Amino acid sequence: MKTVTVNIVTPDGPVYDSEVSMVIAKTTSGEIGVLAGHIPMVAPLAIGAVKLKKDNGSTEVVAVSGGFIEVRPEKISILAPSAEIADNIDIQRAKEAVKRAEGRIQSKQDNIDFKRADLALKRALNRINVHEGNI
């Protein structure tokens, strides 16, 4: 099977760079699957998991918190505000982030930005799900 180079980059630097046979990502309009040679496109990403299928049958998973995917026939670039490979996720930190976000949402104080707290909750839950393989 043909492969394509995939780069996942955040403002802090590169997170992933490898050859894969397929990329599955959650865009804001639904899930997409991309193979080598795909027509060029750009799409906004939702908070979710990016699945990277290798030629040997294995799959690597990266948690992304939005961003964009740029597809070219020979290269796929993902630009995300944050991204973590499943094995590198600090699960304890993610669980603490869930508690903080849920506390802010439930406090119902006027000075709480509920949209921001909701996004923080979604990002933390995504990291937990990716780490535990619940994707």
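Residues numbered from 1 in each chain as written. Predicted model: local features only at pLDDT ≥ 70, side-chain atom pairs only at ≥ 80, totals over all residues. Heavy atoms only, no water.

J.: Residues and numbers for the UniProt feature "coiled-coil region" (unreviewed entry) in the chain, please.
T.: Mapped onto this numbering, the UniProt entry annotates "coiled-coil region" (unreviewed entry) at residues 91–118. For residues 91–118, the end-to-end C-alpha separation is 19 Å, with 79% helix and 0% strand making up the annotated structure. (UniProt positions renumbered as here; feature names shortened; annotations may be inferred. Helix = DSSP H or I, 4+ residues; strand = E, 2+ residues; numbered from the N terminus.)

J.: Describe in detail the environment of Ala-97, supporting the description with residues and values.
T.: Summarising the element assignment, Ala-97 is placed in helix H1 (residues 91–107). We classify Ala-97 as buried; its relative accessible area is 15%. On a C-alpha basis, the gap between Ala-97 and Leu-121 in space is 7.1 Å, while along the polypeptide they are 24 residues apart. (Buried < 20%, exposed > 50% of the residue type's maximum accessible area, 1.4 Å probe, protein only.)

J.: I'd like a description of the pairing of strand S1 (residues 4–10), backed by residues and values.
T.: Within S1, six of the seven residues are buried, which leaves it mostly tucked inside the rest of the structure. Strand direction decides the pairing type here: S1 and strand S2 (residues 13–20), joined by seven bridges, are antiparallel. Considered in S2, the bridge of Thr-5 is made with Glu-19. Adjacent in sequence and paired antiparallel, S1 and S2 are bridged by two residues. As paired strands, S1 and strand S7 (residues 75–79) are joined by five bridges and run parallel to one another. Bridge pairing in S7 places Val-9 opposite Leu-79. (Pairing = 2+ DSSP bridges.)

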